[in-house]
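Here are the chains, one letter per residue:
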Amino acid sequence: MSATPSRRVALEVLRGIRRGELADRALAERVESLEVRDRAWVWELVMGVQRARGRIDFLLGGLLRQGLDSVEPDVLDVLRLGAFQLLSMDGVPAYAAISESVELARDAGAGRAAKLVNGVLRSLERSVPDDAAFPDPVADPAGWLSTAGSHPRWLVERWLERWGFEETRALVDANDTRPELYIRPIGLVTVEAAVRLADAGVVTEPVAGAPDALRVVPPARAEDVFAVVPAVVQDPAATLVTRYAAVPAGARVADLCAAPGGKALTLAGEAGWVVAADISARRLDRVAQARTRLGETSALLLLAADARRPPLRPASFDVVLLDVPCTGTGTLRRHPDGKWRLRPEDLDTLAALQREILDAAADVVKPGGVLVYATCSLEPEENEAQVEAFLARDGRFEPAPADHGLDPALTDGLGRLVALPQRTGFDGAFAARLHRTK
């Protein structure tokens, strides 16, 4: 006997994530061998395990005499997969979740652990854990948020210090929710796109606070949208960044960290022309594919380049957009594996990279032009502190808030874009608009 192909693929994906692969990429590369229905099931299982890993590990740790570190990585992942099926996948009978996990352990070459897997999952099934099984949220808020809320303790401790318990709990709850499908129409307003889609049987909804985004109502998929209107899949937070940038018509724009390309493709329909650069040629291929699909070819130029050394003429662009590499703590709902990959020291490493990119990109902005710095992070070191340090060391720039038509609740007292998942219901984003003085 052997475990189902879907479960074997799910375990292989978790192995890839352990090796440092991004979950969505690991999934996309491994589910191709499965039937369409099974692909969706594996996506739900793997992403569910990533969202609930802190909760699952706490419960499993209480059932393993010597704790989680006492079991091999493959066996631990088998237990996680089985536990998620027991706790959160109502369509999977308990007997199937347990017996298939036992077979999966054998398939993984850990047959000696089959008895352990069987015993732990049967104990989990009998215990039916509730909130009382976790640390008390009043006595130990960080303990509760890191276990029942399934987030790394060091991260929730940072957020608790900044926002307090109630708002941090709202953020954790938002991150633990399955993401919605959002689109950004290209070349037409959302009202027109919604009408066309409705005529084709695709139901959408406007997004409060994000006038350039539409929520696609299930069971419609991105492919159904693309067959009707030109659009990109893009979270509302990302659409806010391009609106906040307030790029003048006809402007020359350089997007120096462009992939996957949604912002560059949006701006190509508004600016004179856009150079979309990215250090990853592989990721830049995704931009090229989207450009071909949309038919947007004349105004968008693609360039494989390191944003720390942009091969562009100094002082030659009206607008430079920097959506810099960051911790991504504003997108953990969409990329739940990110919270387990991050380490506290990554903040310093990424902040140093962001400084390099900012300093290099500043020279590309022409006098009178605008530099737009953006992240999908919630952390001050990558956002407000990064911008303030840049302004302190480069006297050519000053804050330049624009008339971008955003809800004032989405900007801070200095006119910077600040979108928080616990307040908006979509991803987090930060952006600052800086003017190069003449």
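Residues numbered from 1 in each chain as written. Predicted model: local features only at pLDDT ≥ 70, side-chain atom pairs only at ≥ 80, totals over all residues. Heavy atoms only, no water.

*Asks:* Sorry, what's going on with the pattern of salt bridges here?
*Replies:* Any two side chains of opposite charge can pair, on the condition that their charged atoms come close. All told, the structure shown has 42 salt bridges when counted by the stated rule. In this structure, Glu-381 and Arg-158 form a salt bridge, with 2.8 Å as the shortest nitrogen-oxygen distance. Taken as a pair, Glu-381 in the loop between β9 (365–375) and α17 (384–393) and Arg-158 in helix α8 (residues 153–163) lie far apart in primary sequence, 223 residues in all. Between Glu-379 and Arg-162 there is a salt bridge whose closest N-O contact spans 2.9 Å. Of this pair, Glu-379 sits in the loop between β9 and α17 while Arg-162 sits in helix α8, placing them 217 residues apart in sequence. When its relative accessible area of 1% is taken as the criterion, Glu-379 is described as buried. The exposure class assigned to Arg-162 is partly exposed, which follows from its relative accessible area of 29%. It is possible to trace a salt-bridge network through shared partners that takes in Glu-12, Arg-15, Arg-18, Arg-19, Glu-21, Arg-30, Arg-53, Asp-57, Asp-74, Asp-77 and Arg-80. (Salt bridge = Lys/Arg side-chain N within 4 Å of Asp/Glu carboxyl O. Helix = DSSP H or I, 4+ residues; strand = E, 2+ residues; numbered from the N terminus. Buried < 20%, exposed > 50% of the residue type's maximum accessible area, 1.4 Å probe, protein only.)

*Asks:* What is the right way to read the packing of helix α1 (residues 5–18) against helix α3 (residues 36–61) from this model?
*Replies:* Helix-helix packing is characterised by the crossing angle of the two axes and by the distance between the axes. Contact geometry of α1 with α3 gives a least axis separation of 10 Å together with a crossing angle of 40 degrees. What the angle tells us is that α1 and α3 run oblique. Of the two possible hands of crossing, α1 and α3 adopt the one that is right-handed. Listed contacts from α3 to Ser-6, Arg-7, Val-9, Ala-10, Val-13, Leu-14 and Ile-17 of α1 are Asp-38, Trp-41, Val-42, Leu-45, Val-46 and Gln-50. Among the residues making up the contact of α1 with α3, the classes are represented as 9 nonpolar, 2 polar and 2 charged. (Axes fitted to C-alpha atoms, helices over the stretch in contact; angles between N-to-C directions. Parallel < 35°, antiparallel > 145°, perpendicular 65-115°, else oblique. Left-handed = near helix turned anticlockwise from the far one by under 90°. Contact = heavy atoms within 4.5 Å. Nonpolar A, V, L, I, M, F, W, Y, C, P; charged D, E, K, R; others polar.)

*Asks:* What should I look at first to understand the sheet that holds strand β1 (residues 181–185) in this one?
*Replies:* If you trace the 4 strands from one edge of the open sheet to the other, you get β2-β3-β1-β4, paired in antiparallel fashion. Lying at the two open borders of the sheet, with one neighbouring strand each, are β2 (204–207) and β4 (231–233). Ignoring which end each strand starts from, the neighbouring axes of this sheet average 35 degrees apart. Pairing analysis gives 3 bridges linking β1 to strand β3 (residues 210–216), with the strands arranged antiparallel. Across the sheet, Ile-183 pairs through a bridge with Leu-214, a residue of β3. In this fold helix α10 (residues 190–199) packs onto β1, β2 and β3, with an angle of close to 20 degrees to the strand it touches most, β3. Sitting on the sheet, helix α12 (residues 236–245) touches β1, β2 and β3, and the angle it makes with β3 is about 160 degrees. (Pairing = 2+ DSSP bridges.)

*Asks:* I tried to follow empty space enclosed by the protein on my own but got confused; where do I start?
*Replies:* With a probe scaled to a water molecule rolled over the atoms, the places where space remains empty come into view. A full pass over the atoms with the stated rule returns 1 cavity of 30 Å³ or more. Here the largest cavity is characterised by a volume of approximately 30 Å³. In this structure, the largest cavity is lined by Arg-178, Pro-179, Glu-180, Tyr-182, Asp-235, Arg-333, Arg-334, Gly-425 and Phe-426. In the lining of the largest cavity, the residues fall into 3 nonpolar, 1 polar and 5 charged. (1 Å grid on protein atoms, 1.4 Å probe; cavity = no way out; pocket = protein on both sides within 12 Å on 5 of 7 lines; lining within 4 Å. Points joined across faces, edges and corners; volume = space filled by probe spheres on them.)

*Asks:* Explain the side chain of Thr-327 here, please?
*Replies:* Its place among the elements puts Thr-327 in the loop between β8 (317–323) and α15 (338–341). In this structure the side chain of Thr-327 is engaged in a polar contact, spanning 3.3 Å, whose partner is the side chain of Ser-377. In this structure the side chain of Thr-327 is engaged in a polar contact, spanning 2.5 Å, whose partner is the side chain of Glu-382. Contacts of Thr-327, omitting those with residues within four sequence positions, involve Leu-342, Leu-347, Leu-350, Ser-377, Glu-379 and Glu-382. (Polar contact = N/O pair within 3.5 Å; in protein donor to acceptor, adjacent residues only side chain to side chain.)

Just distances and angles here, no functional claims.
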